[in-house]
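# Structural characterization, general
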Amino acid sequence: MKTVSQNIAKFFPFIALLYSLVVIILTTYINEKVTPIFVFFCMQVYLNWYSVVNISRNATVMEVKDTTKRLIFNKLANSADYRYWYCEKCLIYMCKPTQHCTLCKKCFHFRDHHCLFLGTCILRQNIGNFILFCFYTSLTCIYSLCSLGPYLYENINRVIRTDTDSFNIFLNFCFPVALVRLLYSRENAYILLVTMFDVLVSILCISLVYATWKLHSCMSAKQRYANVSGKQSLKEIFGSYGLLNVIFPYNGLIGTRDLNGKYELKEV
């Protein structure tokens, strides 16, 4: 059962990628042109997506290989600087704070969670790129909704002949009700548009709220990485390039926030 769920989880990134391409194609088709602002939003989504995956893929842990060092760490097990643990799945000793991800099949320092839709783990090293990914995803959804909304309403009214009452407008854009009405009218062509609209609204709300919550949690010391919390500045969240990552994700594409150039177990 566990293997089946892991195999199913592998399809989530593909579904997210496929859906994003459908949204881009549909938005471009409705607008009948490609605008620079839409291209910028889409590039930021994919670049930050790649940065999150790239940082997670290249993430390493501080292993304790020498037997003498293990004995020293064992004596100093109560010290916060020398705590370590043994992963029965990776079969190695490593310094804490560390967590093992069953989907990525590896251990991570300062791990937050595994994102099914990105197909990788969110760490302290790529949390900034993850926040930007969610933020630009919400902006892309807003842009697509502004294009899809009027087009969808015009075509729905053409099919079901409703009036301009605000309650009917709400019903037209409410997927369960719209689905029944469209099926009853034997016009199935617009079900995809209604579904697309409602899914975009859901993604917009979830992405914007989640990005805001994660940013607030990091800055207010409420964010926890492998049971370790701490207050972070904007530079620590978004990397050594700071807010420049809002324009271009330097962190992940050019380098990571690994300050000592070797391990990710560090104070940042």
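Higher on the page you've got the structure.
An account of the accompanying structure is given in this report. Predicted model, so just to flag it, every value in this text is computed and none were measured. (Residues numbered from 1 in each chain as written. Predicted model: local features only at pLDDT ≥ 70, side-chain atom pairs only at ≥ 80, totals over all residues. Heavy atoms only, no water.)

## Some thoughts on the overall build of the chain
- Within the chain, the regular secondary structure consists of ten helices and eight strands.
- Split into buried and exposed, the 268 residues of the chain put 42% on the buried side.
- Expressed as a percentage of contacts within the chain between residues at least 6 apart in sequence, the contacts between residues at least 24 apart total 58%.
- Accessible surface computed for the chain: about 15100 Å², of which carbon and sulfur atoms make up 64%. (Helix = DSSP H or I, 4+ residues; strand = E, 2+ residues; numbered from the N terminus. Buried < 20%, exposed > 50% of the residue type's maximum accessible area, 1.4 Å probe, protein only. Contact = heavy atoms within 4.5 Å. Areas by Shrake-Rupley, 256 points an atom, 1.4 Å probe, with all protein chains shown as cover.)

## Concerning the packing of aromatic side chains
- Summed over all chains, the structure comprises eleven aromatic pairs.
- The interplanar angle of 70° and the centroid separation of 5.5 Å between the aromatic rings of Phe135 and Tyr136 together place this pair among those described as edge-to-face.
- The class for Phe135 is partly exposed, based on a relative accessible area of 35%.
- One aromatic cluster is present, formed by Phe40, Phe41, Phe135 and Tyr136 through successive ring pairs.
- One Lys or Arg, Arg124, reaches over the ring of Phe110 and ends 3.6 Å from the middle of that ring. (Phe/Tyr/Trp six-rings, centres within 6.5 Å; stacked < 30°, edge-to-face > 60°. Lys NZ or Arg CZ within 6 Å of the ring centre and 35° of its normal.)

## Overview of the environment of Val194
- Take Val194: it is sitting in helix 8 (residues 191-219).
- Sequence-wise, Val194 and Leu148 are 46 residues apart; in three dimensions their C-alpha atoms are separated by 9.5 Å.

## Observations concerning unusual backbone geometry
- With phi around 50°, Phe110 is a residue other than glycine that occupies positive phi space.
- According to the relative accessible area criterion, Phe110 is buried, its value standing at 5%.
- Even without being glycine, Ala221 reaches a positive phi, approximately 65°.
- On the secondary structure map, Ala221 appears in the loop between helix 8 and strand 7 (224-225).
- By relative accessible area, Ala221 is classed as partly exposed at 30%.

## A word on a nonpolar patch on the surface
- Together, Ile37, Phe40, Tyr241, Leu244, Ile247, Phe248 and Ile254 make up a nonpolar patch on the protein surface, roughly 630 Å² of accessible area in all.
- Structurally, the position occupied by Ile254 is in the segment after helix 10 (250-253). (Patch = residues over 30% accessible without salt bridge, like charges linked within 9 Å, V, L, I, M, F, W, Y side chains within 5 Å. Salt bridge = Lys/Arg side-chain N within 4 Å of Asp/Glu carboxyl O.)

## Looking at the pattern of salt bridges
- Counting across every chain of the model gives one salt bridge.
- In this structure, Lys214 and Asp112 form a salt bridge, with 2.7 Å as the shortest nitrogen-oxygen distance. Here Lys214, found in helix 8, pairs with Asp112, found in strand 5 (residues 111-115); they are 102 residues apart in sequence, far enough to count as distant. Per residue, the accessibility class of Lys214 equals that of Asp112, and both read buried.

## Regarding the nonpolar core
- Counting 21 residues, the largest nonpolar core has Leu118, Ile122, Ile127, Phe130, Phe133 and Ile237 as the members making the most contacts within it.
- At the level of elements, helix 3 (36-58), helix 5 (127-160), helix 8 and helix 9 (234-238) are the ones that each hand at least two residues to this core.
- Of the residues forming this core, the biggest block, seven residues, is contributed by helix 5.
- Membership of the second largest hydrophobic core comes to twelve residues, among which are Val23, Leu145, Leu148 and Met196. (Core = buried A, V, L, I, M, F, W, Y, C linked by side-chain atoms within 4.5 Å.)

## Here's the deal with the state of the cysteines
- Scanning all chains against the criterion turns up zero disulfides.
- Cys107 forms no disulfide, and the closest cysteine sulfur to it belongs to Cys87, at a distance of 3.4 Å.
- A relative accessible area of 4% means that Cys107 is categorised as buried. (Disulfide = S-S within 2.5 Å.)

## Let's talk about the packing of helix 2 (residues 11-31) against helix 3
- Two numbers describe how helix 2 lies on helix 3: the axes approach to 12 Å, and their chain directions differ by 170°. Judged by the inter-axis angle, helix 2 sits roughly antiparallel to helix 3. Contacts between helix 2 and helix 3 involve Pro13, Ala16, Leu17, Ser20, Leu21, Ile24, Thr27 and Thr28 on the former and, on the latter, Phe38, Cys42, Tyr46 and Trp49. (Axes fitted to C-alpha atoms, helices over the stretch in contact; angles between N-to-C directions. Parallel < 35°, antiparallel > 145°, perpendicular 65-115°, else oblique.)

Scope: geometric values only; no functional claims are made or implied.
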